[in-house]
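Summary of the model geometry
What follows is the residue order along each chain.
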Amino acid sequence: KAGVTQTPRYLIKTRGQQVTLSCSPISGHRSVSWYQQTPGQGLQFLFEYFSETQRNKGNFPGRFSGRQFSNSRSEMNVSTLELGDSALYLCASSLEQAARTDTQYFGPGTRLTVL
Amino acid sequence: AQKVTQAQTEISVVEKEDVTLDCVYETRDTTYYLFWYKQPPSGELVFLIRRNSFDEQNEISGRYSWNFQKSTSSFNFTITASQVVDSAVYFCALSEAPGGYQKVTFGTGTKLQVIP
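These figures come from a predicted structure and were not determined experimentally. (Residues numbered from 1 in each chain as written. Chains lettered and ligands numbered in written order. Predicted model: local features only at pLDDT ≥ 70, side-chain atom pairs only at ≥ 80, totals over all residues. Heavy atoms only, no water.)

1. Focus: the state of the cysteines
Covalent bonding between the sulfur atoms of two cysteines is what defines a disulfide. Inspection of every chain in the model, using the stated rule, returns two disulfides over all chains. A sulfur-sulfur separation of 1.7 Å characterises the disulfide bridge that pairs Cys-23 of chain A with Cys-91 of chain A. One disulfide, between Cys-23 of chain A and Cys-91 of chain A, carries an S-S torsion of -55° and so falls in the left-handed class. In this pair, Cys-23 of chain A is assigned in strand E3 (residues 19-24) and Cys-91 of chain A in strand E9 (residues 87-94), connecting sequence segments 68 residues apart. On the basis of relative accessibility, which here comes to 0%, the residue Cys-91 of chain A falls in the buried class. Across the disulfide, Cys-23 of chain B is cross-linked to Cys-92 of chain B (sulfur-sulfur distance 2.0 Å). Here Cys-23 of chain B and Cys-92 of chain B share a disulfide; its torsion about the S-S bond, -65°, makes the bridge left-handed. Placement of the pair is Cys-23 of chain B in the loop between strand E3 (19-21) and strand E4 (24-26) and Cys-92 of chain B in strand E10 (residues 88-96), with a sequence separation of 69 residues. Each of the two residues, Cys-23 of chain B as well as Cys-92 of chain B, counts as buried. (Disulfide = S-S within 2.5 Å. Helix = DSSP H or I, 4+ residues; strand = E, 2+ residues; numbered from the N terminus. Buried < 20%, exposed > 50% of the residue type's maximum accessible area, 1.4 Å probe, protein only.)

Below, the structure is given as structure tokens:
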């Protein structure tokens, strides 16, 4: 079974631009979560999608948004990029949003650099 | 509020030594899950183990073993006879479901360097 895939793997943008990252979950997985990883803040939860609905959200500004399609693929968008948005963005998928029993499987991440 | 503490920022060991990575957690929930993930330099988080709060049995998988103690809120990870390929950042994570929706909190990670 193919794992979680993320595209692109690397991105370089400039301040003020916007960016869209894509995540394809493991086949059959319906829940997709996004995390931001930085050296200073570690792994921080952005949001989770299940059945095309955002079910949970972390403490990030509204510039960070996402969506999920009917095939469970997900995209996240960051508008008006700031230097501090430079990070590794990780996507994780799990079977259902059955909370306590789910294991999240992670993709390789998209490394975003904002200049 | 839930919290995961990995007090060891970096550890260096010589190949074949045993090493234990510490994880202490805080939660108000009685039902929760604990995880360990490995992040090699490539960046992808690799799932290692999941343990629920009702199962305090220690687990061994090859050179890896985990010690879960609810009394001390710890979920420590030991690598026996370490190898260079074990060099990575290891994350401990706690999963709860306040309000029914999964909330996962990660520790800050422990960078393990195994020196040949």
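This is not the end of the story, as more comes after the structure.
2. Details of the interface of chain A and chain B
Counting residues at the interface gives 20 residues for chain A and 21 residues for chain B. Of the roughly 1900 Å² buried where chain A meets chain B, counting both sides, 50% is carbon and sulfur surface. Across the chain A-chain B interface, the total number found is zero salt bridges. Remark: the boundary between chain A and chain B carries three residue pairs in polar contact (both at pLDDT 80 or more). Partitioned by chemical class, the residues of the side of chain A that touches chain B number eight nonpolar, seven polar and five charged. (Contact = heavy atoms within 4.5 Å. Buried area = accessible area lost by both parts, 1.4 Å probe. Salt bridge = Lys/Arg side-chain N within 4 Å of Asp/Glu carboxyl O. Polar contact = N/O pair within 3.5 Å; in protein donor to acceptor, adjacent residues only side chain to side chain. Nonpolar A, V, L, I, M, F, W, Y, C, P; charged D, E, K, R; others polar.)

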